[in-house]
Amino acid sequence: MAGKGMIVVLLGPPGAGKGTQARLLTRDYGLEYLSTGDILREEIKSGSEIGRRAREYVESGGLVPDEIIVEMMRQRILAAGGRVLLDGFPRTLPQAESLDEMLEKESMKVDAVIEITAPEDLILFRLVNRRICPSCGAIYHLVNKPPKREGVCDECGATLIRRKDDEESVIRERLAVYHEQTEPLTAYYKGKGVLHTFDGSLEVEQLRRRIGEVLDSISSAGG
Ligand code: AP5
């Protein structure tokens, strides 16, 4: 299904299932996966300048300042050659406007915004039980999707970890920040006619199929 340019943005509260769907959709549509969360965690791990500036925001559940994020993403988006799935970017209105500006200069635009919603009790259940692979990025859930061997990644054998921001008090802070700073983006993208909203409480495969229907129609329209 890979083909011409396609810029897709994933939007939704923490734990809605963005990363889980992103891994399936990038495989199916030949998109480059750019997750600001993953990129920031890598920068923090490597002790880079960006990582040092971002650390306290990420670990406390706040947002990293817009100028750091926009600069971090600009090169990566342009290098991806116009087929990209953005997870976690944009997250504020200024970031969305910067993205539009950078795409416009390249005669590109956001083709679809996939919003995944989920109720707060489900989000908490998902995140306190989430484990991730620090090596290949695979995502597990102690109840819904446990690894075959406890604490070990099925895909690459690395030891699974719990994200520092998956502690309940930090999850609540992330949710508050989401409602205040990121939710307004739904109106922004609705106004542009590119917003598609999905129920994140659906089973993973069912949700993937529904999102796929939208991306198929964009692909066949020559997006
Ligand atoms: P980021 O890494 O982007 O975190 P997030 O948006 O809070 O999202 P999560 O990764 O927590 O959740 P998800 O929706 O991907 O859920 P998942 O698929 O893993 O950002 C982290 C931090 O970085 C931010 O707080 C901020 O500090 C900083 N940052 C990032 N971008 C920024 C930006 N643009 N500007 C400023 N700061 C920025 O699923 C969760 C669990 O549920 C898993 O265990 C999974 O197995 C399970 N699950 C998923 N889907 C289903 C399903 N359908 N059914 C059953 N279980 C499911």
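About the cut-offs
- Every residue gets a number counted from 1 within its own chain, in the order that chain's sequence is written.
- In view of the model being predicted, local features appear only for residues whose pLDDT reaches at least 70, and side-chain atom pairs are presented and counted only at 80 or more, with totals across whole chains, interfaces and linings using the full set of residues.
- Side-chain descriptors were evaluated using all non-hydrogen atoms of the structure, hydrogens and water having been removed beforehand.
- At least two DSSP bridges between two strands are required for those strands to pair.
- For helices the rule is a DSSP run of H or I covering at least 4 residues; for strands it is a run of E covering at least 2, with both sets numbered from the N terminus onward.
- Fitted lines through C-alpha atoms give the axes, limited to the stretch in contact for helices. The angle between two N-to-C directions lies from 0 to 180 degrees.
- We call two residues in contact when some of their heavy atoms are within 4.5 Å.
- Helix span, expected: 1.5 Å multiplied by one less than the number of residues in the helix.
- Three exposure classes are used, based on accessible area relative to the maximum for each residue type with a 1.4 Å probe and protein chains only: buried under 20%, partly exposed in between, and exposed over 50%.
- Any angle that is under 35 degrees is reported as roughly parallel, and any over 145 degrees as roughly antiparallel; angles of 65 to 115 degrees are reported as roughly perpendicular and all others as oblique.
- For this classification, the nonpolar set comprises Ala, Val, Leu, Ile, Met, Phe, Trp, Tyr, Cys and Pro, the charged set comprises Asp, Glu, Lys and Arg, and every other residue, Gly included, is treated as polar.
- Rotating anticlockwise by less than a right angle from the far helix to the near helix defines a left-handed crossing, while the corresponding clockwise rotation defines a right-handed one.
- Planes of paired rings set the category: under 30 degrees apart is stacked, over 60 is edge-to-face and the rest tilted, where pairs are Phe, Tyr or Trp rings (Trp by its six-membered ring) whose centres lie within 6.5 Å.
- A ring is scored as having a charge over it whenever the NZ atom of a lysine or the CZ atom of an arginine sits within 6 Å of its centre and within 35 degrees of its normal.
- One heavy atom within 4 Å of a molecule or strand is enough for the residue carrying it to be called near that molecule or strand.
- The definition of a polar contact used here is a pair of N or O atoms within 3.5 Å, where within protein one atom must be able to donate a hydrogen and the other to accept one, and adjacent residues in sequence count solely through side-chain atom pairs.
- Reported accessibility uses the Shrake-Rupley method at a 1.4 Å probe radius. Residues are deemed covered only where the shown protein chains occlude them.
- Salt bridges, as used here, are contacts in which a Lys or Arg side-chain nitrogen is within 4 Å of a carboxyl oxygen on Asp or Glu.

**Considering the sheet that holds strand β4 (residues 112-117)**
Within the open sheet, the five strands sit side by side as β2-β3-β1-β4-β7. Their pairing is parallel. Edge strands, defined here as strands with exactly one partner in the open sheet, are β2 (32-35) and β7 (195-199). Each strand axis lies, on average, 20 degrees off the axis of its neighbour in the sheet, ignoring direction. In this structure, β4 lies alongside β7, joined through five bridges in parallel fashion. Bridge pairing in β7 links E115 to T197. Packing against the sheet, helix α8 (residues 184-191) makes contact with β1 (6-11), β4 and β7, and its axis sits at approximately 130 degrees to β7.

**What about helix α1 (residues 18-29)?**
In this model α1 runs 16 Å from its N-terminal to its C-terminal C-alpha over twelve residues, within 8% of the 16 Å that 1.5 Å per residue would give. The buried fraction of α1 is high, at nine of twelve residues. Taken together, the buried positions of α1 are occupied by K18, G19, Q21, A22, L24, L25, T26, D28 and Y29. The secondary structure elements touched by the buried residues of α1 are β1, β2, β3 (83-87), β4, β6 (139-141) and α9 (204-220). After α1 finishes, the residue G30 shows a positive phi value of roughly 60 degrees.

**Here's the deal with the packing of helix α2 (residues 36-46) against helix α4 (residues 66-79)**
Following both chains from N to C, one finds α2 and α4 inclined at 105 degrees, their axes separated by 12 Å at the closest point. Comparing their axes, α4 and α2 come out roughly perpendicular. Across the interface between the two elements, T36, I39, L40 and E43 of α2 pack against I69, M72, M73 and R76 of α4. Class assignment of the residues belonging to the contact of α2 with α4 gives a composition of five nonpolar, one polar and two charged.

**Considering the packing of α2 against helix α3 (residues 49-60)**
Contact geometry of α2 with α3 gives a least axis separation of 8 Å together with a crossing angle of 115 degrees. Classified by chirality, the crossing of α3 by α2 is left-handed. In this structure, α2 contributes L40, E43 and I44 to the contact, and α3 contributes I50, G51, A54, R55 and V58. Per-class residue counts for the contact of α2 with α3 are five nonpolar, one polar and two charged.

**Things to note about unusual backbone geometry**
With an omega of 0 degrees, the peptide bond between F89 and P90 qualifies as cis. Mapped onto the elements of the fold, P90 is located in the loop between β3 and α5 (93-105).

**A look at the packing of aromatic side chains**
Overall, the coordinates contain one aromatic pair when judged by the stated rule. With centroids separated by 5.1 Å and ring planes inclined at 80 degrees, the aromatic side chains of Y188 and Y189 adopt a geometry described as edge-to-face. The pair formed by Y188 and Y189 is uniform in burial state, with each residue classed as buried. The cationic tip of K145 hangs over the ring face of Y140; the distance from NZ or CZ to the ring centre is 4.8 Å.

**Some remarks on the site of the ligand**
Taken together, 35 residues lie near the ligand, and T20, G62, G88, R130 and R174 sit nearest. One of the side-chain N or O atoms of R41 is found 3.0 Å from an oxygen atom in the ligand. R126 is positioned such that a nitrogen or oxygen atom in its side chain is 3.2 Å from a nitrogen atom of the ligand. Within the complex, the protein chains bury 95% of what would otherwise be the 1100 Å² of accessible surface of the ligand. Contributing elements (two or more residues each) for the shell around the ligand: α1, α2, α3, α6 (120-128) and β6.

**Topic: the pattern of salt bridges**
Under the counting rule described, the total for this entry stands at 19 salt bridges. With a closest N to O distance of 2.9 Å, R172 and E168 form a salt bridge. Of this pair, R172 and E168 both sit in helix α7 (residues 168-182), four residues apart, which is roughly one turn of that helix. Note on E168: relative accessible area 40%, which makes it partly exposed.

That's the geometry; what it means functionally is another story.
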